[in-house]
Amino acid sequence: MQKEFLYTEISNGIAVQIKNGVLKAGDKLPSVRTLCQEHQISMNTAKRVFLELESQSLIESKPQSGYFVSRFFDVKLPLAQISRPSLLADNKEPDELISKVYENLGKKDMTMFSIGIPSGCLLPQAQLKKEIINATRDLKEGGTEYEELQGNVKLRRMIALRSASWGGNFNENDLVTTNGGMQALSFCLMALGKPGDTVAIESPCYPGILQLANGLGMKVLELPTHPTSGIEIEALKKNLPKINICLLIPNFNSPLGSYMPDENKKEIVKLLSENNIPLIEDDVYGDLYFGSHRPKCCKSFDKEGNVLYCSSISKTLAPGYRVGWIAPGKYKDRILKLKLLHSTSSITIVNEAVANFLKSGKYEKHLYQMRRTLQNNYQNYVQTIAKSFPEDTRTSRPQGGLSLWVEFDEAVQTRELYDKAIKQNISIAPGRMFTLQDQYENCMRLCFGLPWSENTRSQLEQIGKLAKMM
């Protein structure tokens, strides 16, 4: 308790000095060693002080130089508004718009602000290649055989070990591997529902989830969502009688980047369990936190097996490897039956390679660096938007993940903005992609998983210029 008090007291003291202007942007802070000597604290406590200040975007580290007051802490943009979707879903899927945006995937000369995955240069490609070669050499029959139905035992064991950091406390028998996160969500929806059932989701929501639910013949109920804290619980309560399944991304969802507080997660899990409504939790962004610790999940509070926890490495390590998993709780038998029917086995070599990468400890090192990079990217985006976009622009304030939600005046229609930007080899994701209703036409999602450079800055500035012209 004493250590916790010291760490909080010291970080709060420095934060006050920064916010009051005693320490100014660019000022260098004492080193970790100096902080230890001044306050008679351990190295770990001192490092935790700096991590906490970094999580608040108050300071930034420079390799070989130390910690400095952030250049971005005083950049303030108005917060995006709470969404107010109609509760009478019309299921108008924006197929043509989604196809238009995604048809540019893979084009080398295109700046892809529109696609919510990390750039390849942020991923440990050389290390992953070695693991693929090792897996081919070490596996029986060179990896040409099927895995067992539940999936690679080593991979499931490593996922289970990592779950302890957020209170999952799985063992390998709790998990089923899948070919990517979307297959995990697909299995869950098919296991739980039927055509005509109603699925409650956040609004705006990741387009793949909307298309999946629509494709399965389900109705989608879009819930009012706060840009920082997620769905409004009162709206969920009012609509419980019409809901069959709930599907949420509580940690840094796309496109808002909202982060649901633990007390809300706990309340939602209890509420849905009492009403016998299963919760599918997509935690694909949970490892990409900007704070000092990994956030808990809804599954952390699940005592009845009512939460089906889904995740993957598609946003953190290797989108193309298609490695995902489910902790299906009491629905495990249904999930295994669907996996046997639809895929039989996950990809043997790839799952073994990923398992070995996780076991080596390299994944944690990679995540640490990637989180720092993404947070710096986000801060650079905000600074550029504040300088270059129309004055009344609003944004979300993600505390992790890959996505930033931008809200313009209603005069700026982002479908039209997309058409103008694409002529200059810039791709954005118009807001209408993230709903089945006629809304968010003045909004867009930007992915900050691109490497930051002068070209990235100039392309963002160009979007701002185009928006001002509109």
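So, how was this worked out
- Starting from 1, residues in each chain are numbered consecutively following that chain's sequence as written.
- The predicted origin of the model limits local features to residues at a pLDDT of at least 70 and limits the giving and counting of side-chain atom pairs to 80 or more, whereas totals for whole chains, interfaces and linings rest on all residues.
- Working from all heavy atoms in the structure, the side-chain values ignore hydrogens and water.
- We call a residue buried when its accessible area falls under 20% of the maximum for its residue type, exposed when it is over 50%, and partly exposed in between, using a 1.4 Å probe and counting protein chains only.
- Starting at the N terminus, helices and strands are each numbered in turn, a helix being any DSSP run of H or I of at least four residues and a strand any DSSP run of E of at least two.
- Strand pairing requires that DSSP identify at least two bridges connecting the strands.
- Think of each axis as a best-fit line through the C-alpha atoms, taken over the contacting stretch in the case of a helix, with angles from 0 to 180 degrees between the N-to-C directions.
- Residue contacts are defined here by distance: any two heavy atoms, one from each residue, within 4.5 Å place the two residues in contact.
- Aromatic rings from Phe, Tyr and Trp, taking only the six-membered ring of Trp, are treated as a pair when their centres fall within 6.5 Å; an angle between ring planes under 30 degrees marks them as stacked, one over 60 as edge-to-face, and anything in between as tilted.
- With the far helix as reference, a near helix turned anticlockwise by less than a right angle produces a left-handed crossing, and one turned clockwise produces a right-handed crossing.
- Throughout this entry, Asp, Glu, Lys and Arg are counted as charged residues, while Ala, Val, Leu, Ile, Met, Phe, Trp, Tyr, Cys and Pro are counted as nonpolar. The remaining residues, Gly among them, count as polar.
- The span one expects for a helix is its residue count, reduced by one, times 1.5 Å.
- What the arc measures is the spread of directions leading from the helix axis to the C-beta atoms.
- Each angle gets one of four labels, with under 35 degrees taken as roughly parallel, over 145 as roughly antiparallel, 65 to 115 as roughly perpendicular, and the rest as oblique.

Student: Tell me about the pairing of strand β10 (residues 279–282), and please be specific about residues and values.
Tutor: Here β10 shows two buried faces, one formed by Leu 279 and Glu 281 and the other by Ile 280 and Asp 282. Pairing analysis gives 3 bridges linking strand β9 (residues 245–248) to β10, with the strands arranged parallel. Bridging from a neighbouring strand, Cys 246 pairs with Leu 279 of β10. Pairing geometry for β10 and strand β11 (residues 307–312), over 4 bridges, is parallel.

Student: Can you explain the sheet that holds strand β12 (residues 324–327)? Please cite residues and give values.
Tutor: The strand order across the open sheet formed by 7 strands is β4-β12-β11-β10-β9-β5-β6, and the pairing between neighbours is mixed. Each edge of the open sheet is held by one strand with a lone partner, namely β4 (176–178) and β6 (219–223). Averaged over all neighbouring strand pairs, the angle between strand axes comes to 20°, with direction disregarded. In this sheet, β12 lies alongside β11 in antiparallel orientation, the contact comprising 4 bridges. Its bridge partner lying in β12, Tyr 309 is registered against Ala 327. Sheet contacts for helix α7 (residues 181–192): β4, β5 (198–202), β9, β10, β11 and β12; angle to β11, the most-contacted strand, approximately 160°.

Student: A description of the packing of aromatic side chains should follow, citing residues and the corresponding values.
Tutor: The tally for this structure, following the rule as stated, stands at 15 aromatic pairs. Note on Phe 252 and Tyr 259: the rings are 5.3 Å apart at their centroids and 35° apart in plane angle, and the pair reads as tilted. Taking relative accessible area as the criterion, Phe 252 reaches 3% and is therefore assigned buried. Residues Trp 405 and Phe 434 carry aromatic rings whose centres are separated by 5.7 Å and whose planes lie at 90° to one another, so their mutual orientation is edge-to-face. A residue pair is termed long-range when its members are at least 10 positions apart, and Trp 405 in strand β14 (residues 403–407) and Phe 434 in the loop between β16 (429–430) and β17 (443–447) qualify at 29 residues. Side by side, Trp 405 and Phe 434 carry an identical accessibility label, which is buried. Taken together, Phe 113, Phe 290, Tyr 378, Tyr 381, Phe 448 and Trp 452 form an aromatic cluster joined through their ring pairs.

Student: Help me get a handle on the sheet that holds β16, residues and values and all.
Tutor: What the 4 strands build is an open sheet, ordered β13-β14-β17-β16; its pairing is antiparallel. At either margin of the open sheet sits one strand with a lone partner, and together these are β13 (394–395) and β16. As defined by bridge partners, β16 adjoins β17 across 2 bridges and the pair is classed as antiparallel. Its bridge partner lying in β17, Ala 429 is registered against Arg 445. The strands touched by helix α13 (residues 362–388) are β13, β14 and β17; relative to β14, the strand with the most contacts, the crossing angle is about 15°.

Student: Hey, could you go over the packing of helix α6 (residues 153–163) against helix α12 (residues 348–359) for me, with residue numbers and the actual values?
Tutor: At a minimum axis separation of 8 Å, α6 and α12 run at an interaxial angle of 40°. Taken as a pair, α6 and α12 cross one another with a handedness that is left-handed. Residues Lys 154, Leu 155, Met 158 and Arg 162 of α6 lie in contact with α12, whose contacting residues are Asn 351, Glu 352, Val 354, Ala 355, Asn 356, Leu 358 and Lys 359. For the contact of α6 with α12, the residue count by class is 5 nonpolar, 2 polar and 4 charged.

Student: Please provide a residue-by-residue account of helix α10 (residues 262–274), values included.
Tutor: Taking 1.5 Å as the rise per residue, α10 with 13 residues should run 18 Å; its terminal C-alpha atoms sit 18 Å apart, in good agreement. Within α10, the full set of buried residues consists of Asn 264, Lys 265, Ile 268, Val 269, Leu 271 and Leu 272. Buried positions in α10, seen along its axis, are confined to an arc of 165° and lie on one side of it. Across α10 from its buried face, at more than 90 degrees, point the exposed residues Glu 263, Lys 266, Lys 270 and Glu 274. Elements that come into contact with the buried residues of α10 comprise β8 (230–231), α9 (233–238), β9, β10 and β11. Within two residues after α10, Asn 276 carries a phi angle of roughly 55°, on the positive side.

Student: Tell me about the packing of helix α14 (residues 414–422) against helix α15 (residues 454–469), residues and numbers included.
Tutor: Relative to each other, α14 and α15 sit at 130°, their axes nearing to 10 Å. In terms of orientation, α14 lies oblique with respect to α15. The interaxial crossing formed by α14 with α15 has right-handed handedness. Contacts from Leu 417, Lys 420 and Ala 421 of α14 reach α15 at Ile 463, Leu 466 and Ala 467.

Student: Account for unusual backbone geometry, naming residues and giving values.
Tutor: With an omega of 0°, the peptide bond between Ser 203 and Pro 204 qualifies as cis. In this chain, Ser 254 is followed by Pro 255 through a cis amide linkage whose omega measures 20°. Residue Gln 40 is not a glycine yet carries a positive backbone phi of 55°. Within the secondary structure, Gln 40 is located in the loop between α2 (32–39) and α3 (43–55). Here Gln 40 falls in the exposed class, since its relative accessible area comes to 69%. A positive phi angle, close to 60°, is found at Glu 141, a residue other than glycine. Within the secondary structure layout, Glu 141 lies in the loop between α5 (125–138) and α6.

Limitation: the analysis is restricted to geometry and does not speak to function.
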